[in-house]
Amino acid sequence: MSTVAPVPDRPALTGNDALESLRRAGWVELARASFERFRRADGFSHSRALGFQITLTAIPAVIASIGLATVLDQPALRRVIQQTLLGLAPGPTDTLLRRAFEQGAGKGGASALWLGLAAAAVSGTVAMALVERGANRIYGEDEDRSSVRRYLIAFTLAGTAGVLLLGGFVAFIMGRAIGEAGRGAGWDESLVTAWRIARWPVGLVFVIVAFALLFKRAPRRRQPDASWLVFGSGLAVALWTLFTSALALYLTLSSSFGETYGPLSGLIGVLLWAYSSSLALFLGIAFSAQLETVARGVGPAR
């Protein structure tokens, strides 16, 4: 059960209303109240649960990508995927991943593709259902949608926002490793340079669209106009970019990450990214919810 004040529906709110509410509340006070709403709605627990579920989605997605490269008989693509993952998970993980690639490159390629896709679809749907639950609690909603409707919407969001977020992860976290792997696989140097430049704006666009969809469709309520939601989703994107860039820099500069976590280094890296992404999303939702309480004159988050 949520312990924050419910936010009454007011779908007619626009960006101009948001600017007026921001001026009335002040950025500092609104940020403080938003964090209090996030904390009282148990946002950290929702973020941990969502982060774990995102990880369970990413792993079968990787397996499916290996199977796809095998089924399409594209050794160059398979080498890029292999070298990228090996670059992200150094140390003892190297042996485990090489063995997995050898098995995936055999007769089990089709099985890896379809089983990986099925597992990713199921896990991604559950992840989006967790987004709804966390968003509902932050908005003060104690009930979720009915099970059928909830998971139908979650499945749709998994195939749209979830895929876009995965694309953002690939561009930001795996982008540099993909470029190096592509060079090793025979990519033209101009293509490698183009990828290194384009991955930043492309990844950012993916994340912006994904968060916009989640802010509009995930909560069990009538949401305001997109021009209103852009303030909360913009904050979420900014936090996501900060967290993701910091993690990417750490993984790039750290020489002991693989030695510290051993065979779990790749999994730990994905978990860190998934948890930080979940924090960014729910903090942005809390900001949007608190901004709406200011517009309604409801008062503090308690």
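Keep in mind that this is a model prediction, so the values were computed, not measured.

**Student:** What is the right way to read the overall build of the chain from this model?
**Tutor:** Looking only at helices and strands, one finds 12 helices and zero strands in the chain. The buried share of the chain, taken over its 302 residues, is 47%. If you take every contact in the chain between residues at least 6 apart in sequence, the share linking residues at least 24 apart comes to 82%. When the accessible area of the chain is evaluated, it comes to approximately 14,400 Å², of which 65% is carbon and sulfur surface.

**Student:** What am I meant to see in the nonpolar core here?
**Tutor:** Across soluble globular proteins, you tend to see nonpolar side chains buried next to one another. One finds Phe211, Leu214, Leu281 and Ile285 to be the most contacted residues of the largest nonpolar core, which totals 54 residues. The element that contributes the greatest number of residues to this core is helix H12 (residues 265–296), accounting for 14 residues. Beyond its immediate chain neighbours, meaning those up to four positions away, Leu281 contacts Leu50, Val131, Phe211, Leu214, Phe215 and Ala236.

**Student:** What is the right way to read the side chain of Arg199 from this model?
**Tutor:** For Arg199, the position within the fold is in helix H9 (residues 189–217). At 2.7 Å, the side chain of Arg199 and the backbone oxygen of Ala171 are in polar contact. When near neighbours in sequence (up to four residues on either side) are disregarded, Arg199 contacts Ala171, Phe172, Gly175 and Arg176.

**Student:** How do you make sense of helix H1 (residues 15–25) when you look at a structure like this?
**Tutor:** Side chains of residues three or four places apart in an α-helix project in the same direction, reflecting 3.6 residues per turn. Along H1, the residues that are buried comprise Gly15, Ala18, Ser21 and Leu22. Buried residues of H1, seen end-on, are gathered within an arc of 115 degrees and therefore sit on one face of the element. For H1, the exposed residues set more than 90 degrees away from the buried face come down to Asn16 and Arg23.

**Student:** Would you mind going over the packing of helix H7 (residues 147–172) against H9 with me for this structure?
**Tutor:** Any two packed helices are characterised by how steeply their axes cross, that is the angle between the axes, and by the distance between the axes. Running from amino to carboxyl end, H7 crosses H9 at an angle of 155 degrees, the nearest separation of the two axes being 7 Å. One finds that H7 runs roughly antiparallel with respect to H9. Two packed elements cross with a definite hand, and for H7 against H9 that hand is left-handed. Partitioned by chemical class, the residues of the contact of H7 with H9 number 17 nonpolar, four polar and two charged.

**Student:** Sorry if this is basic, but what is going on with the confidence of the model for the chain here?
**Tutor:** Low-pLDDT stretches of the model should not have their predicted coordinates read in fine detail. For the chain, per-residue confidence averages 80 on the pLDDT scale, and 77% of positions sit at 70 or higher. Mean pLDDT per element in the chain: helix H5 (residues 93–104) is the minimum at 53, and helix H2 (residues 27–40) is the maximum at 92. In the model, residues 90–94 has pLDDT below 50 throughout and makes 13 contacts with residues more than four positions away in sequence or in other chains.

**Student:** Any chance you could explain helix H6 (residues 109–138) here in plain terms?
**Tutor:** The end-to-end C-alpha distance of H6 is 43 Å, a good match for the 44 Å that 30 residues give at a rise of 1.5 Å each. Once H6 finishes, Gly140 follows within two positions and takes phi at roughly 85 degrees, a positive value.

**Student:** How should the packing of aromatic side chains be read in this particular structure?
**Tutor:** The geometry of an aromatic ring pair comes down to the distance between the two centres and the angle between the two planes. According to the stated counting rule, one finds four aromatic pairs in the structure shown. Consider the rings of Trp27 and Phe287, whose centres lie 5.7 Å apart with planes at 20 degrees: the pair is stacked. Here Trp27 is found in helix H2, whereas its partner Phe287 is found in helix H12, with 260 residues between them in sequence. The class of Trp27 is exposed, set by a relative accessible area of 56%. The class for Phe287 is buried, based on a relative accessible area of 3%. What links up through ring pairs into an aromatic cluster is the set Phe35, Phe38 and Phe44.

**Student:** I tried to follow the environment of Leu213 on my own but got confused; where do I start?
**Tutor:** By the element assignment, Leu213 lies in helix H9. For Leu213, a relative accessible area of 28% gives the class partly exposed. Along the chain, Leu213 and Ala226 lie 13 residues apart, while their C-alpha atoms are 9.6 Å from each other. Aside from chain neighbours lying at most four places away, what touches Leu213 is Leu157, Thr160, Ala161, Leu164 and Ala218.

**Student:** Please clarify how the pattern of salt bridges should be interpreted in this entry.
**Tutor:** The tally for this structure, following the rule as stated, stands at nine salt bridges. With a closest N to O distance of 3.2 Å, Glu132 and Arg145 form a salt bridge. Remark: Arg145 occurs in the loop between H6 and H7 and Glu132 occurs in helix H6; sequence separation between them is 13 residues. The exposure classification of Glu132 matches that of Arg145, with both residues buried.

**Student:** So what exactly am I meant to see when it comes to the packing of H6 against H7 here?
**Tutor:** Close contact between H6 and H7 brings their axes to 7 Å; oriented N to C, the two are set at 110 degrees. Here H6 is positioned roughly perpendicular relative to H7, judged by the angle of their axes. Each of Ala121, Gly124, Thr125, Met128, Ala129, Leu130, Glu132 and Arg133 in H6 lies in contact with H7, whose residues at this interface are Arg150, Tyr151, Ala154, Phe155, Leu157, Ala158 and Gly162. Grouping the constituent residues of the contact of H6 with H7 by class yields nine nonpolar, three polar and three charged.

**Student:** Looking at this structure, I do not really get unusual backbone geometry. What am I missing?
**Tutor:** Across the chain, the bulk of peptide bonds are trans and the bulk of non-glycine residues have phi less than zero. Not every positive phi belongs to a glycine, and Asp42 is a case in point at roughly 60 degrees. Along the chain, Asp42 falls in the loop between H2 and helix H3 (43–71).

About the cut-offs
- Residues numbered from 1 in each chain as written.
- Predicted model: local features only at pLDDT ≥ 70, side-chain atom pairs only at ≥ 80, totals over all residues.
- Heavy atoms only, no water.
- Helix = DSSP H or I, 4+ residues; strand = E, 2+ residues; numbered from the N terminus.
- Buried < 20%, exposed > 50% of the residue type's maximum accessible area, 1.4 Å probe, protein only.
- Contact = heavy atoms within 4.5 Å.
- Areas by Shrake-Rupley, 256 points an atom, 1.4 Å probe, with all protein chains shown as cover.
- Core = buried A, V, L, I, M, F, W, Y, C linked by side-chain atoms within 4.5 Å.
- Polar contact = N/O pair within 3.5 Å; in protein donor to acceptor, adjacent residues only side chain to side chain.
- Arc of directions from axis to C-beta.
- Axes fitted to C-alpha atoms, helices over the stretch in contact; angles between N-to-C directions.
- Parallel < 35°, antiparallel > 145°, perpendicular 65-115°, else oblique.
- Left-handed = near helix turned anticlockwise from the far one by under 90°.
- Nonpolar A, V, L, I, M, F, W, Y, C, P; charged D, E, K, R; others polar.
- pLDDT = per-residue confidence, 0-100.
- Expected span 1.5 Å × (residues − 1).
- Phe/Tyr/Trp six-rings, centres within 6.5 Å; stacked < 30°, edge-to-face > 60°.
- Salt bridge = Lys/Arg side-chain N within 4 Å of Asp/Glu carboxyl O.

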